[in-house]
Amino acid sequence: MTLSRPILLLVLAPVLLAACGDDDTEVADAEPGPTITMEQSRYAPDSVEVAPGSEVTFENLDPFAHTVTSAEGSPLAFDSGELGQDETYVQTFDEAGTYEYFCEIHPTMRAEVAVG
Ligand SMILES: [Cu+2]
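Fair warning: this is a prediction, and the values are worked out from it, not measured in the lab.

*Asks:* How should I be thinking about the packing of aromatic side chains in this particular structure?
*Replies:* Describing an aromatic ring pair means giving the distance of the ring centres and the angle of the ring planes. In the structure shown here, the tally under the stated rule is five aromatic pairs. Consider the rings of tyrosine 43 and tyrosine 101, whose centres lie 4.8 Å apart with planes at 75°: the pair is edge-to-face. One end of the pair, tyrosine 43, is in strand 2 (residues 42-44); the other, tyrosine 101, is in strand 7 (residues 97-102), with 58 residues separating them in the sequence. Residues tyrosine 43 and tyrosine 101 agree in their burial class; the two are buried. Here phenylalanine 93 and tyrosine 99 contribute two aromatic rings whose centre-to-centre distance is 4.9 Å and whose plane-to-plane angle is 65°, an arrangement assigned as edge-to-face. Tyrosine 99 shares its class with phenylalanine 93; the two are buried.

Written out as structure tokens, the structure reads:
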């Protein structure tokens, strides 16, 4: 028996929709993690431990810009760009390791996220 084209689409539609649903589930699986603030030119706390797959939020509370930029040797390169006051940046850390980061504008601001 041969399927006409419209029927074939009807047969495949649930499969395609299910595939999309799986993608949504993966996004929802990211674990909400801690929030690290930037205040008085410091990351606080300057060291956190999170489980793999955690979403870490960085929030700038200073009335001037900071960045969250991966340091050399970080297992993952990331860069928030300039964050103004009250702006946030979210980074997901999937792999175990130590992720050092700093502020490109104030390079003495340094901190780390330990994933394990
Ligand atoms: Cu800064």
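*Asks:* Where do I start with the coordination of the copper ion in this structure?
*Replies:* For a metal with four tetrahedral donors the ideal donor-metal-donor angle is 109.5 degrees, while six octahedral donors give ideal angles of 90 or 180 degrees. Distances from the copper ion to its protein donors, His66 (ND1), Cys103 (SG) and His106 (ND1), fall at 1.9 to 2.1 Å. One chain supplies every donor for the copper ion, spaced along it as H-x36-C-x2-H. On the criterion of sequence distance, the pair formed by histidine 66 in the loop between strand 4 (54-60) and strand 5 (69-70) and histidine 106 in the loop between strand 7 and strand 8 (110-115) is long-range, its members being 40 residues apart.

*Asks:* How do you make sense of the sheet that holds strand 2 when you look at a structure like this?
*Replies:* The strands that make up a sheet pair up through hydrogen bonds in the backbone, lying either parallel or antiparallel. Strands sit in the order 2-1-4-6 across an open sheet of four strands; the sheet is mixed. Edge positions in the sheet fall to strand 2 and strand 6 (88-93), since each of these pairs with one other strand and no more. The average angle at which neighbouring strand axes cross in this sheet is 25°, direction not considered.

*Asks:* What should I look at first to understand the pairing of strand 3 (residues 47-50) in this one?
*Replies:* The alternating pattern of strand 3 places Val48 and Val50 on a buried face, while none of Ser47 and Glu49, on the opposite face, is buried. As defined by bridge partners, strand 3 adjoins strand 8 across four bridges and the pair is classed as parallel. Among the inter-strand pairings, glutamate 49 is bridged to a residue of strand 8, identified as alanine 114.

*Asks:* What exactly am I supposed to notice about the side chain of glutamine 91 here?
*Replies:* Residue position: glutamine 91 is located in strand 6. In this structure the side chain of glutamine 91 is engaged in a polar contact, spanning 2.6 Å, whose partner is the side chain of tyrosine 89. Sequence-distant contacts of glutamine 91, that is, excluding residues within four places in its chain, are made with Ser54, Glu55, Val56, Phe58, Leu76 and Phe78.

*Asks:* I'm lost on the nonpolar core in this one. Help?
*Replies:* Taken as a class, soluble globular proteins show a tendency for nonpolar side chains to be buried jointly. The biggest cluster of nonpolar side chains holds 19 residues, and the ones touching the most others in it are Ile36, Tyr43, Phe58, Val68, Tyr101 and Val113. At the level of secondary structure, the elements contributing two or more residues to this core comprise strand 1 (31-39), strand 3, strand 4, strand 6, strand 7 and strand 8. Here this core takes three residues from strand 8, the largest share from any one element.

*Asks:* Mind showing me how you'd approach the sheet that holds strand 8 here?
*Replies:* Strand order in this open sheet of four strands is 3-8-7-5, and the pairing throughout is mixed. The strands lining the two open edges of the sheet, one partner per strand, are strand 3 and strand 5. Judged from the six bridges that link them, strand 7 and strand 8 form a sheet pairing that is antiparallel. Bridging from a neighbouring strand, glutamate 100 pairs with glutamate 112 of strand 8.

Conventions and cut-offs
- Residues numbered from 1 in each chain as written.
- Predicted model: local features only at pLDDT ≥ 70, side-chain atom pairs only at ≥ 80, totals over all residues.
- Heavy atoms only, no water.
- Phe/Tyr/Trp six-rings, centres within 6.5 Å; stacked < 30°, edge-to-face > 60°.
- Helix = DSSP H or I, 4+ residues; strand = E, 2+ residues; numbered from the N terminus.
- Buried < 20%, exposed > 50% of the residue type's maximum accessible area, 1.4 Å probe, protein only.
- Donors = N, O, S within 2.8 Å, 3.2 Å for Na, K, Ca; no water.
- Pairing = 2+ DSSP bridges.
- Axes fitted to C-alpha atoms, helices over the stretch in contact; angles between N-to-C directions.
- Polar contact = N/O pair within 3.5 Å; in protein donor to acceptor, adjacent residues only side chain to side chain.
- Contact = heavy atoms within 4.5 Å.
- Core = buried A, V, L, I, M, F, W, Y, C linked by side-chain atoms within 4.5 Å.

Geometric descriptors of this kind do not, in isolation, establish any biological role.
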